[in-house]
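Analysis of the macromolecular model
Here's the letter readout for the chains.
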Amino acid sequence: MQSWQTILKNSITTLDDVPEHLVSGKEIGTITQMYPMRINPYYLSLIKEKHDPIWLQAVPQQAELEDTVCMADPLDEENLSPVANLIHKYPDRVLFLVTNQCAMYCRFCTRKRKVGTTAMVIKDTTIQAGIDYIRTTPQVRDVLISGGDPLLLNDERLEWILSQLHAIPSVDIIRIGSRVPCTLPMRVTPALCTMLKKYHPLYINTHFNHPREITPEAAKACTMLADAGIPLGCQTVLMKGVNDDVTTMAKLLTKLLTIRVKPYYLFQGDLSRGTNHLRTSIQCGQNIMRGLIGHISGMAIPTFAVDGPHGKGKVPLTPNYIQSLDSQLVFTNYQGETCFYDNSA
Ligand SMILES: *Cc1c(COP(=O)(O)O)cnc(C)c1O
Ligand code: SF4
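What comes next concerns the included structure.

Procedures and definitions
- Every chain begins its residue count from 1, and numbering advances along the sequence as written.
- Here every chain gets a letter starting at A, and every ligand a number starting at 1, in the order they are written.
- Since the coordinates come from a predicted model, pLDDT governs what is reported: local features require at least 70, and pairs of side-chain atoms require 80 or more to be given and counted, while whole-chain, interface and lining totals use all residues.
- Excluding hydrogens and water, the side-chain values take into account all heavy atoms of the structure.
- Here a helix means four or more residues in a row that DSSP labels H or I, a strand means two or more in a row labelled E, and each is numbered from the N terminus.
- As defined in this context, the radius of gyration uses C-alpha atoms, and a globule is described by 2.2 Å times the residue total to the power 0.38.
- Classification of residues uses two cut-offs on accessible area relative to the type maximum, computed with a 1.4 Å probe and protein chains only: under 20% is buried, over 50% is exposed, and between them is partly exposed.
- It only takes one pair of heavy atoms within 4.5 Å for two residues to be counted as in contact.
- Here, Shrake-Rupley sampling with a 1.4 Å probe gives the accessible areas, and only protein chains in the shown set may cover a residue.
- Residues counted as positive are Lys and Arg, residues counted as negative are Asp and Glu, and His and the chain ends are not counted.
- Note that the charge is assigned to NZ on lysines, CZ on arginines, CG on aspartates and CD on glutamates.
- If even one non-hydrogen atom of a residue comes within 4 Å of a molecule or strand, that residue is called near it.
- Classification convention: Asp, Glu, Lys, Arg as charged; Ala, Val, Leu, Ile, Met, Phe, Trp, Tyr, Cys, Pro as nonpolar; all other residues, Gly among them, as polar.
- At least two bridges found by DSSP between two strands is the condition for calling them paired.
- Multiply 1.5 Å by the residue count of a helix minus one, and that product is the helix's expected span.
- This arc is taken over the directions from the axis of the helix to the C-beta atoms.
- Any two cysteine sulfur atoms lying within 2.5 Å of each other are counted as a disulfide.
- The term polar contact refers here to a pair of N or O atoms within 3.5 Å; inside protein, the definition further demands a hydrogen-donor-capable atom paired with an acceptor-capable atom, and it admits residues adjacent in sequence only when both atoms are side-chain atoms.

Take the overall build of the protein next. Counting its secondary structure elements, the protein contains eleven helices and twelve strands. Relative to the 2.2 N^0.38 estimate, which gives 20 Å for 345 residues, the radius of gyration of the protein is 21 Å and therefore close to what a compact globule would have. In terms of overall dimensions, the protein has C-alpha extents of about 60 × 55 × 40 Å along its principal axes. Counting the 345 residues in the protein, one finds 53% classified as buried. Once local pairs closer than 6 in sequence are excluded, the contacts in the protein between residues at least 24 apart make up 77%. Accessible area of the protein: about 15,100 Å², with a carbon and sulfur share of 55%. Taking the average place of the 33 positive charges on the side chains of the protein and the average place of its 32 negative ones, the gap between the two points comes to 2 Å.

Attention shifts here to the site of ligand 2. Near ligand 2, the surroundings consist of Cys102, Met104, Tyr105, Cys106, Cys109, Gly148 and Arg179. Its residues assigned to classes, the shell around ligand 2 comprises five nonpolar, one polar and one charged.

If a strand is regular, its side chains alternate between the two faces of the sheet. Note that strand β10 (residues 322–325) and strand β11 (residues 328–332) share three bridges and pair antiparallel. Among the inter-strand pairings, Ser324 is bridged to a residue of β11, identified as Val330. Following β10, the chain reverses through two residues before pairing antiparallel with β11. Sheet analysis places β11 next to strand β12 (residues 338–342), joined by five bridges and oriented antiparallel. Residue pairing for β12: Val330 is matched across the bridge by Phe340. With antiparallel pairing between neighbouring strands as the criterion, β11 and β12 make up a hairpin whose turn holds five residues, including Gly336 at a positive phi of roughly 85°.

Here the focus is helix α5 (residues 124–135). For α5, built from twelve residues, the straight-helix expectation of 16 Å at 1.5 Å per residue is met to within 8% by its first-to-last C-alpha distance of 16 Å. Taken residue by residue, α5 has Thr126, Ile127, Gly130, Ile131, Tyr133 and Ile134 as its buried positions. Axial view of α5: buried residues confined to an arc of 155°, hence all on one face. Looking at the buried positions of α5, the neighbouring elements they touch are β1 (86–90), β2 (93–97), β3 (142–146) and α6 (155–166).

Following the criterion strictly, the structure yields zero disulfides and no others. Free cysteine: Cys222, not disulfide-bonded; nearest cysteine sulfur from Cys234 at 8.7 Å.

Attention shifts here to the site of ligand 1. Every residue near ligand 1 is listed here: Ile87, Lys89, Tyr90, Arg93, Leu95, Leu144, Arg175, Tyr264, Tyr265, Asp307 and Lys314. In this structure, an oxygen atom belonging to ligand 1 sits 2.8 Å away from a side-chain N or O atom of Arg175. Within the contact set of ligand 1, an oxygen atom lies 2.6 Å away from a side-chain nitrogen or oxygen of Tyr264. Protein coverage of the free-state accessible area of ligand 1, which is 380 Å², stands at 91%. Elements supplying a minimum of two residues to the shell around ligand 1: β1, β2 and β7 (261–267). Of the residues forming the shell around ligand 1, the biggest block, three residues, is contributed by β1. For the shell around ligand 1, the residue count by class is six nonpolar, no polar and five charged.

Structure (structure tokens):
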């Protein structure tokens, strides 16, 4: 079996490398100079035809360069960083970016402005500065390690970061955000799991967007992580042509439970420049949620949320079930019936 490093090395990185039957034709090569492309052989093998839900996530489209709606840094991350690559937006938790590399460069990436490019500079000194900030800021109880994809670091480098964070008394939990279980599941090795389980309580939020991504390989990676005692969540992004219908979304969410991944968030697309062609309306997401809540296992239901532009934070966009609320609650149930609840207590 090939190592994950070898698989990654065999990624295609330019439009010229895209197999002919998957070329859509209108793209110009300069897209990948602006927004890098990397499709590793595993993820490439999941694509059946051009414009399918896997293709849309991985293959650059001309529309990326024609986006006049969205912003480079919609979440204002650069201004919310007390030290480079560390975003302190909420009182008790930080987002800590530890690499600019990913196993596949998603076309919808929130940090499209810099992921995989030289604009995202992460060195030992920036990582050390982030750890020092967390150590001297005791209100930070929860550290989210992200990037890029932290699981693209080798085991030693990741352990160097985890062990230092774990040793900080004010840090209660560590979370890793990683798409690797979906995009390069071979990266989840027994050695990685043995290392990770030394740093509990450790959570991993992974990221699947389509049921076809849930392969035997992905299931194996998630099983290994779960067997290492790591609770697994999923942060899905709602996208046009990928998962913007109830049937696909229900299949994805219920399938995730079978590989021991609990759906956590369903995100409305961020207003990141170069991603506008994949965005859906808020109503689209709310209609999907209406088609899910009550109809499939509550365990499979994520919170549908938008991350407020300019760093305003995540807010749930659950569809409204309340018709009126005073001494009586009047509400609509999942079957569309009007229901009443005495609220005079
Ligand atoms: C999303 C995010 C978090 C984590 O938010 P949760 O709702 O706790 O998952 C923390 N910091 C930043 C900057 C974020 O964008
Ligand atoms: S894995 Fe995450 S950080 Fe990397 S390109 Fe995809 S969405 Fe962006």
